[in-house]
Amino acid sequence: MRAVYGLLRRLVTHELRLIASLWRWVARRPHGVGEGRGFGHARGQAAMLFGFAFVCVIESVGMSVLLRDYPALHQVVLVLDVYTVVFVIGLYAASVTRPHVLDSTVLRVRNGAHVDLRIPLEDITSVRREMRFTHERADGELNLPVSAQTEVTLELATPVRHFTFMGREQTVHLVRLHADDPDELVRSLTRARTALSPLPDQPA
């Protein structure tokens, strides 16, 4: 029973974050950037999500015509259709307002409203530009693709803890992520790491 309550709590929390993201998106107020620098990761999924939202709107209109003689059922279906559209747009808004964030000590890796992983820069041993379109599950690896694509790979000296959407704990030592400008993210992350301590292949 505790597991069920935990799942319900996570679902409700996720929904509330999506709603809050819609407000932040309209108000142009990103979440959690502070003194750091944000790196977007939403551009690659915009067309897909808005296309899906458009299909949902068309489907809602069609169902309204089909169910015009069944007002009670029509109201139920309409609520579900509106919720679906809001949910889809909320997914995009969450990705826009919750970018990856780099500051002087931590890289905050995010994916919409359900992944928020803080990685100390001193624990990153390698950062590289690596385009990948396939991501097989493996212990200790976290893949955060957008439109099935990642471009930046991080290797960690000290594993970090990550909790999946279902609440399962993972120990992660390699992270692959998407960024709208992966080259700039790699450059900025390399500079930030070098500012902490010289890289192994660079002179002090």
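Residues numbered from 1 in each chain as written. Predicted model: local features only at pLDDT ≥ 70, side-chain atom pairs only at ≥ 80, totals over all residues. Heavy atoms only, no water.

Student: Help me out: how do you make sense of the pattern of salt bridges in this one?
Tutor: It is possible for side chains bearing opposite charge to pair when their charged atoms get close. All told, the structure shown has 11 salt bridges when counted by the stated rule. When the shortest N-O distance is used, the salt bridge between Glu 155 and Arg 128 registers 2.6 Å. A residue pair is termed long-range when its members are at least 10 positions apart, and Glu 155 in strand 7 (residues 150–163) and Arg 128 in strand 5 (residues 124–132) qualify at 27 residues. If you follow the salt bridges from partner to partner, you end up with Arg 37, Glu 184, Arg 187 and Arg 191 in one network. (Salt bridge = Lys/Arg side-chain N within 4 Å of Asp/Glu carboxyl O. Helix = DSSP H or I, 4+ residues; strand = E, 2+ residues; numbered from the N terminus.)

Student: How do you make sense of the sheet that holds strand 2 (residues 100–102) when you look at a structure like this?
Tutor: Paired through backbone hydrogen bonds, the strands of a sheet run either parallel or antiparallel to each other. The strand order across the open sheet built from four strands is 1-2-3-4, with neighbouring strands paired in antiparallel fashion. The open sheet has two edge strands, strand 1 (37–39) and strand 4 (115–120), and neither has a second partner. When strand polarity is set aside, the average angle formed by the axes of neighbouring strands in this sheet is 20°. The sheet contact formed by strand 3 (residues 106–111) and strand 4 spans six bridges and is antiparallel. Bridge assignment links Asn 111 to a residue of strand 4, and that residue is Val 115. (Pairing = 2+ DSSP bridges. Axes fitted to C-alpha atoms, helices over the stretch in contact; angles between N-to-C directions.)

Student: Explain the nonpolar core to me, please; I cannot follow it from the model alone.
Tutor: If you look at the biggest cluster of nonpolar residues, it comprises 24 residues, and the most contacted ones within it are Leu 107, Val 109, Ile 119, Leu 154, Val 175 and Leu 189. At the level of elements, strand 3, strand 4, strand 5, strand 6 (141–144), strand 7, strand 8 (169–177) and helix 4 (182–196) are the ones that each hand at least two residues to this core. Listed in part, the six residues of the second largest apolar core include Ala 42, Ala 46, Val 88 and Tyr 92. (Core = buried A, V, L, I, M, F, W, Y, C linked by side-chain atoms within 4.5 Å. Buried < 20%, exposed > 50% of the residue type's maximum accessible area, 1.4 Å probe, protein only.)

Student: Please explain the sheet that holds strand 7 as it appears in this structure.
Tutor: Pairing in this open sheet of four strands is mixed, and the strands run 5-7-8-6 from one edge to the other. One side of each edge strand has no neighbouring strand; the edge strands of this open sheet are strand 5 and strand 6. Within this sheet the neighbouring strands show an average axis-to-axis angle of 35°, counted without direction. Packing against the sheet, helix 4 makes contact with strand 5, strand 7 and strand 8, and its axis sits at approximately 170° to strand 5. (Contact = heavy atoms within 4.5 Å.)

Student: I keep staring at the environment of Leu 156 and nothing clicks. Help me out?
Tutor: Positionally, Leu 156 belongs in strand 7. C-alpha separation for the pair Leu 156 and Ile 119, spaced 37 residues apart in sequence, amounts to 8.6 Å. Leu 156 has contacts with Ile 119, Asp 123, Ile 124, Thr 125, Val 172 and His 173, leaving out every residue within four places of it along the chain.

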